Amino acid sequence: SSVRTLMDGGDGPPLLREGCTVMRGMDWNTDNEDGKDLYEKDKLEKEEQKRMAEEEEERKTSEHEGEQLNETENVAADAASVDPASDEDPTDPSPSQTREETVESDQNIKKSDKLKKKKKRAVASKLPLGTVLSIEPWNGVPATGRRVRWHLTNEEGIYRYGGDGGRFDIMHVETNDKETRVKKKHPPPETLEQCVSHYGFGERRNCNVLLRLRNGPLRNDHIRDTEIRCDGILEWPDFGAGISVECVFYPDGAISVTEKEVLYGSKDSGWESRFGQPAFVPGMVIDMSPVHAVSLDDTLSAYDKLLGSTSFLVKNLRNKVDGGSVRVTTEMHLFRCKQSIPDLKPLLPLSSSQPPPICFDPDFHASSIKLSKDKRSVTCSTSDGRGVAFGNVGFTKGVHYWEVKLEKAEIGSVYIGVAEKPASPSASSQASSFRFESQPRLNRWLGWGFVNFRATYTAGAERVYGAHCHAGDTVGVLLDCDAGRINYFIDGVKYGEHILNDLGCAFENVSPFGFNADGCGSGGAGQGAPSGVDGGRSGRYSANGAVRPKALWPVIGLRHPGDKVTMSSKWLTSHGVDGAAIVRNNLAIDEILGSYERPQLSIKPKTIPERGLSLPQWFVEESFYEYTRWKSGRWIRSSTRGSGPCKLSSYGLDVDLDTSPFACAAASASIGLPIAFLSGDRVDIKRSAGRILELQEEAIVLGTYQGRLFYRLVSQKSEGGSLMEGGGRSWFWDESEAVDGGLQLIGEGLGHSVKLPKLNRFNPLHGGLKVVYVGGAVVRSDLEIFDGSKSVGTIPNGTVIPRNEVLERRLNSCGVVRYLIDHKSVGRGWISSRIRGGDDEPIVEIIPYEEDDDTTSGQHQYITPEDSAREWHSNYLNKVQSSRTELERNHFSKFLTIDSIQEFKELLVAGVIGGLNELNSDSLVAATYGKIADVLPHKSEGGCSFLDCALVLGTSHPQEKGPLKGMSRSIDAIVHEVASESLLHVVDKLPPTKALMARISMLRAFNRRARFGLPWLPLRSAQESSAILGGLSGYGTSLERAGRTWDSKSNSLWVQAPSISSRLRNCKEILFTSTKRFFLDSVMDATATPTPLSHDEYELPREVRTVRVNRLKASRAMASDESSMKKKHCVFSQLQREMRGWSGATLRRGFVAKGHGGQKRAFKVKLVGEGVNDYSGPYREVFTDAIREVTDLDPSGNSSLGVLQPSPNNRSGVGEGRDLFIFAPPPMESIAFDHSEKEKDLLSSEERDLLNSFSSLTHKKNENFREIEEALSYLGKLVGTACRHGIPVDLPLPLGVVWKRLTEESVDVADIFKEIDILALRSVQDEEYFFTRWPSDKVLATQRRLLNSFVEGMSSVLPVELLSMFTGEQLRDIICGNPDIDVELLRRVVEYEGYDESDMVVIFFWEVLREMSTSERKQFLQFVWARNRLPLKESDFDAPFKIQKDNKTANEDGDYPLPSASTCFFSLTLPEYPEKELLKQKLLFAIENVTTMESDYVTNDVEVSEGWRGL
């Protein structure tokens, strides 16, 4: 349409509406209803009249001219008769005569002019015009017709104005007032057909879709012959939308998909190319049936293809030729894993399907890039610019992770990223969307990507990011469409070591929907990544109205000829969580919390009314589902490589893994393992991502997800290798890693070595292979084609390899089909099916097998992994013999089965502990479960085994422990001790174990919701700080101003407005500690200060400052008797001076350097004179040294540094807390709170409460406080930094004075003094005086004042606002760790290198460690790990404890060397001592006398002299 240009310029035609004038148009096909014949007749008549008038006028004109000629001749004759000599002219008229003649002449001229004017103003015929009366539909299409009344005939009719596919019976015109002349003709507007054609309608178009299904029901016996319905989401990334669909599965394998509504994306625009109209059309039904294999490749494929089509008539479009309706046909191809026969058992859910691998789009790649035949690999063929190739799957919503393998790549020549599909070259992506009018430009790198240690934008801007990658490495891409972030992961080899690193966030603010907040990219979960819209050419800016849905597609860019990249078959995708689900979850949490505030009814044991349970019914059903799922023991939850580095900043790609033997066997069969790997098996890994590892690794099998076998690395045999940098997350194997001993089971395994039948695709039926390539078939020694695989030989063209010489068929890591052969001419090796590169010419062809071949008769066919797993499962059950304990456990498990929701509801009511209300009971149960889960070995994150937990609780029950004692022997005794200690005071009131487990299941269901709801819930609502309602402290003053001085009494004096935050704090004890800790860690990650990388990836960035610490001088100063010398040269003071002026943001930095064991750091430590490199050991060491100095005492029992002092109970050695310290009061502190008793007696009770609440602020100014306040403020910073970086500190502060104040718990004054000064409490005889006057005493007031300084320093590093979620004990454990060195906990995380657990020296070592005292164990831990406290549980360990063999033997004198340690990597090098006593002697000597770390380099004399210089 030519009018498009006019419309773009703002000069398009106006709307033809009521009252407009029209005339006959180009497509007029009716009679003369408009009066055209009358107009023509009238026009002919007037033209005849005009002709006749013109002839008459010409006659009259000729006659008039003749008369004038005669008069002229007469005048001339008279003039000739006059005498020329005469002075008087007789013909000279008089003046009056002359005037008369002039007037007469003028009149004649005017008369002639009038005649001419009359001839010009001849009346014209009126045009056949009409007036639009209304806008009408035409042939069912609205607004494509107009009702017109014609002026000449006064007739009315409806005429086409764009109807019938763009026909125009009338034309919009503008005329003069007399309607005799057309002043302007308006061009016809753009028709619907022309408009939609701009968006690709009418052209054949390929779109890529993703179909996601909810977990479908099992196809069991009673529904086997019926259809199964399942809801799902059909994603259309080309349209940036997701459609809610209903799927129907039929017994014959057919599927029917019905599109219902748009879930996300635009529903009213952008659908022209599919529906011929902007809006989405619901109700499309596509019926698909399985396509039978037509070739051997289809037979051997792991995927089924379903094909279906549908068509519909476009409502408002018509064919211009005949005016008929336009029909659109949609053909859909779906690929899914091959389905097992439904008649066999065990039955499988319909959703357990592995998605096909991501491929490249054959219609969307640069001309310089060539695609392989399977579309999984791209090769750069020419150096024509920077070409890109797009993937065939795009993403608009959710979280997605895929991996790319670099086959051949030069430094900086491969671009890996995501991009939006570009529009035409002449239009920007926002101004115009007509991307179908011309080919897009694909000769430049588009979008956002990663290029070898660089993150780059579309505009060409770059920043240092990630790590160097080389040929053979695998790069993972994590696209979080919901959070708008892009992360990268690298799986490579450097210097012979296997490197697995999460590279962190590369870009922020790239949400496909455009709802990004301005100011993103400043840190936190984005880790300082730049905003994705900065510097871009697309014109999309965040929060500026550009909310057009788009899709981001995987892209690969290549620059140098020969570069080759392959899409790995490993990828994960998730639909994500939308905003509505988040809001619903938060409302559900509030409803559950509100149920604890309702008055509880007293329930008799035998009669349980329906209203006896305060919890909502939907939550009871959810809890019952949690009970059933937990009891099955089948599912565990695990993070993956796609989970991302920051917790809760993204919902990530955490998966629920199926641990059942059958599922694991099916997943093992899918990768061609000879035996099944079951959940819990340990495996030696020698192959990873297409590479043979020089140093083998150890992994534990977790379970299956979507038919893939997941594992987690537990050990890397490399120095400095850390599983905390990303390698410790779970991932899955493919078939290329399960060949030639790449995966070897350690020991027999849980599958009892039952043979697993091999699938047909690994050992297909054929008549042999024929070499068809001219150059022959090259035989290599390895499945992979790389430099390390040797060429065994070449089999010439035309050779037939017999069937018995073809051993196996597999896909390598690059997707190449390879055959393992054992040919007589070359021996054993691998050959490819096709040439890699070029035209992918075939090398060998499979010879079809004969049906009557005797060698294949009777051979069982295993088409799907489930077919293989079924046979394995039956053999497995026959071989497995349950022991008596296992039979008893199974019997107990059946006893715990709950059959109905009603029974579960009754157990919930009965599960409340006697004598306690529902909240207190659930708080105690939650605390007990948390302690049990921390000690029990657990597979899932934040959970433990159902049966083990029930056995522990049952053993603690006085009525049930007898029968369960035998079954619980396999559980560690410490677990029973923890449970018994927690339930000791209510042991005689415990409900039955079954009811307790029901209650725990309810708490687990609530905590699952709370885990994702806490980031959105406030812990301090705005109305709670309102002065009108009394404020946070009850007196209109915030907590930060009033200090930690409020108590429950002051709160009770003022109105406490109910809110979700108050309910959350009141019910905080039903939240598991793991849930709260997970939230705190995620907030600390999100508030971490980002650190840009150094240009050298193994160097620390310049933002990580270096702190010089002279420990040699500090140790001599602390050994002296001079207090001033200690305060000046101790490590604590050195750190305080070095960091003077540092902001809290500097200490919130959490940089993790490569090879530093995953240790987060805010600064680098330089130990003067010790020759030690800071690979994390010195960093932890200075924290431990500083805190130890703070609690150091001089010979007189006073504090060496004057920061903390022993509590009176500590000094006297009486009462509780004899190891506690309190804040050291400054000198002359007695006058700071000098309030005479007379003044106090004059105060009213309200005024006394006010004075008590603000006691820390009513002191007199005293300069002596300044020094101690600064020291405590820095101590708070130091403690907060240590907590951020996972370093427990030995800080024995009182629970009531410090930790409970931090968590905003009400503390009884008597309990405080029992903890710190029991003698002072006993000395007060008058209890009324004690409880009314003592709280405002100067001792507590001083501690509160100093606590505020401590909290002020801590708040600059930690989010202290969140500490109110915890209890005082929980917060103390988080910051201080485990006060007791648990040898068994340490033993559970140990790894041996050179030793075995059964070696005598190892047995001696653990016996010696158990015999050590607590102080000696702390010294040992300081010696091997540079810290003196262990984490609370096994999952909190950053790295395993390694015991390495020292190959040094005894010298000539028979003396053995001392043990040595590497604190950076938590390892102990232990000589092989022959006797236990010798080991004990050497170990104690080492930990007590070694004051410096093992040197990494030889220091120079200047540095040595500086370290040992005198004080």
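Residues numbered from 1 in each chain as written. Predicted model: local features only at pLDDT ≥ 70, side-chain atom pairs only at ≥ 80, totals over all residues. Heavy atoms only, no water.

Caption draft 1: Broad picture of the overall build of the protein chain. For the protein chain, the count of helices and strands is 42 helices and 53 strands. When contacts within the protein chain are restricted to residue pairs at least 6 apart in sequence, those whose partners lie at least 24 apart make up 69%. A total of about 69,500 Å² of accessible surface is found on the protein chain, and carbon and sulfur atoms cover 50% of it. (Helix = DSSP H or I, 4+ residues; strand = E, 2+ residues; numbered from the N terminus. Contact = heavy atoms within 4.5 Å. Areas by Shrake-Rupley, 256 points an atom, 1.4 Å probe, with all protein chains shown as cover.)

Caption draft 2: Up close: the sheet that holds strand β25 (residues 485-494). Read from one edge to the other, the open sheet built from 7 strands follows the order β16-β17-β28-β19-β24-β25-β26, with strand pairing classed as antiparallel. In this open sheet, the two edge strands, each paired with only one partner strand, are β16 (369-371) and β26 (497-507). The sheet shows a mean angle of 25 degrees between the axes of neighbouring strands, taken without regard to direction. Sheet topology note: the β25/β26 ladder contains 9 bridges and is antiparallel. The residue of β26 that forms the bridge with Y488 is G504. (Pairing = 2+ DSSP bridges. Axes fitted to C-alpha atoms, helices over the stretch in contact; angles between N-to-C directions.)

Caption draft 3: Representation of the packing of helix α40 (residues 1414-1425) against helix α41 (residues 1476-1489). Closest axis-to-axis distance for the α40/α41 pair is 9 Å, and the angle between their directions is 75 degrees. Classified by the interaxial angle, the pair formed by α40 and α41 is roughly perpendicular. Contact with α40, carried on its side by E1416, Q1419, F1420 and F1423, involves L1483, L1484, A1486, I1487 and E1488 of α41 and no other residues of that element. (Parallel < 35°, antiparallel > 145°, perpendicular 65-115°, else oblique.)

Caption draft 4: Geometry of the pattern of salt bridges. Summed over all chains, the structure comprises 62 salt bridges. A salt bridge links R1008 to E626; its shortest N-O distance comes to 2.6 Å. In this pair, R1008 sits in helix α18 (residues 993-1013) while E626 sits in helix α9 (residues 617-632), placing the two residues 382 residues apart along the sequence. Assessed through its relative accessible area of 42%, R1008 is described here as partly exposed. (Salt bridge = Lys/Arg side-chain N within 4 Å of Asp/Glu carboxyl O. Buried < 20%, exposed > 50% of the residue type's maximum accessible area, 1.4 Å probe, protein only.)

Caption draft 5: Spotlight on the pairing of strand β44 (residues 1106-1109). The side-chain alternation of β44 yields one buried face, formed by V1107 and V1109, and one unburied face, formed by T1106 and R1108. As defined by bridge partners, β44 adjoins strand β47 (residues 1164-1167) across 4 bridges and the pair is classed as parallel. Each bridged residue has a counterpart across the sheet, and for R1108 the counterpart in β47 is K1166.

Caption draft 6: Layout of the sheet that holds strand β11 (residues 255-264). With antiparallel pairing, 7 strands are arranged side by side in an open sheet as β8-β9-β10-β11-β12-β13-β14. Of all strands in the sheet, those bounded by a partner on one side alone are β8 (210-213) and β14 (325-337). Adjacent strand axes in the sheet meet at a mean angle of 30 degrees when their direction is disregarded. Note that β11 and strand β12 (residues 285-290) share 4 bridges and pair antiparallel. Considered in β12, the bridge of S256 is made with D287.

Caption draft 7: Region of interest: helix α39 (residues 1400-1411). Between the first and last C-alpha of α39 there are 17 Å, a value that for 12 residues agrees with the 16 Å anticipated at 1.5 Å per step. For α39, the full list of buried residues reads V1401, V1402, F1404, F1405, W1406, V1408 and L1409. Where α39 is buried, its residues touch α38 (1383-1388), β50 (1390-1393), α40, β51 (1441-1446), β53 (1467-1471) and α41. (Expected span 1.5 Å × (residues − 1).)

Caption draft 8: Spotlight on unusual backbone geometry. Phi is positive for F453, close to 70 degrees, though the residue is something other than glycine. Its relative accessible area of 1% is what places F453 among the buried residues. You will see that N509, though not glycine, has its phi angle at about 65 degrees, which is positive. Its place among the elements puts N509 in the loop between β26 and β27 (553-558).

Caption draft 9: Structural detail: the nonpolar core. Counting 140 residues, the largest nonpolar core has F1132, L1135, F1163, L1204 and L1275 as the members making the most contacts within it. In this structure L1275 touches F1132, I1187, V1190, V1203, L1204 and F1350, once residues within four positions along its chain are discounted. Counting residues in hydrophobic clusters, the runner-up holds 44 residues, among them V655, I671, F710 and Y711. (Core = buried A, V, L, I, M, F, W, Y, C linked by side-chain atoms within 4.5 Å.)

Caption draft 10: Up close: helix α8 (residues 579-595). Counted at 1.5 Å a residue, the expected span for α8 with its 17 residues is 24 Å, and the 25 Å between its end C-alpha atoms agrees. The set of residues buried in α8 consists of I582, N585, N586, A588, I589, I592, L593, G594 and S595.

Caption draft 11: Representation of the packing of aromatic side chains in the model. Considering all chains together, one arrives at 45 aromatic pairs under this definition. Between the aromatic rings of F1132 and Y1274, the centroid separation amounts to 5.4 Å while the plane-to-plane angle is 70 degrees, which identifies the pairing as edge-to-face. A residue pair is termed long-range when its members are at least 10 positions apart, and F1132 in helix α25 (residues 1131-1138) and Y1274 in helix α31 (residues 1264-1284) qualify at 142 residues. The class of F1132 is buried, set by a relative accessible area of 2%. (Phe/Tyr/Trp six-rings, centres within 6.5 Å; stacked < 30°, edge-to-face > 60°.)

Caption draft 12: Structural detail: the packing of helix α14 (residues 918-935) against α18. Viewed as axis vectors pointing N to C, α14 and α18 meet at an angle of 85 degrees, and their least axial separation amounts to 10 Å. The orientation of α14 with respect to α18, classified from their angle, is roughly perpendicular. Between α14 and α18, the contacting residues are E918, D922, V925, A926 and Y929 on the first element and L996, R999, I1000, M1002, L1003 and R1004 on the second. In terms of residue class, the contact of α14 with α18 is made up of 7 nonpolar, no polar and 4 charged. (Nonpolar A, V, L, I, M, F, W, Y, C, P; charged D, E, K, R; others polar.)

Caption draft 13: The arrangement of the side chain of Q1444 in detail. Locating Q1444 in the fold gives a position in strand β51. Residue Q1444 is classed as buried on the basis of its relative accessible area of 16%. In this structure the side chain of Q1444 is engaged in a polar contact, spanning 3.2 Å, whose partner is the side chain of E1393. (Polar contact = N/O pair within 3.5 Å; in protein donor to acceptor, adjacent residues only side chain to side chain.)

Caption draft 14: Focus on the pairing of β53. When you tally the buried positions in β53, you get 5 out of 5 residues, the bulk of the element. Residues S1467, T1469 and P1471 of β53 are buried on one face, and the alternating residues L1468 and L1470, pointing to the opposite face, are buried as well. Examined bridge by bridge, β51 and β53 share 5 bridges and lie parallel to one another. Note that in β53 the partner of K1442 across the bridge is S1467. Summarising the sheet, strand β52 (residues 1460-1462) and β53 pair through 3 bridges and their orientation is antiparallel. Bridged to A1461 within β53 is L1468. Counted along the chain from β52 to the antiparallel partner β53, the turn is 4 residues long, and its residue F1466 has a positive phi close to 55 degrees.

Caption draft 15: Here's a closer look at the environment of P1015. In this structure, P1015 sits in the loop between α18 and α19 (1039-1042). Sequence separation of P1015 and S1082 is 67 residues, and the distance between their C-alpha atoms is 9.0 Å. For P1015, the contacting residues outside a window of four places in its chain are L648 and F1079.

Caption draft 16: Quick peek at the environment of F786. Within the element layout of this structure, F786 appears in the loop between β37 (777-780) and β38 (791-795). Those residues in contact with F786, other than ones at most four positions away along the chain, are G690, I692 and R780.

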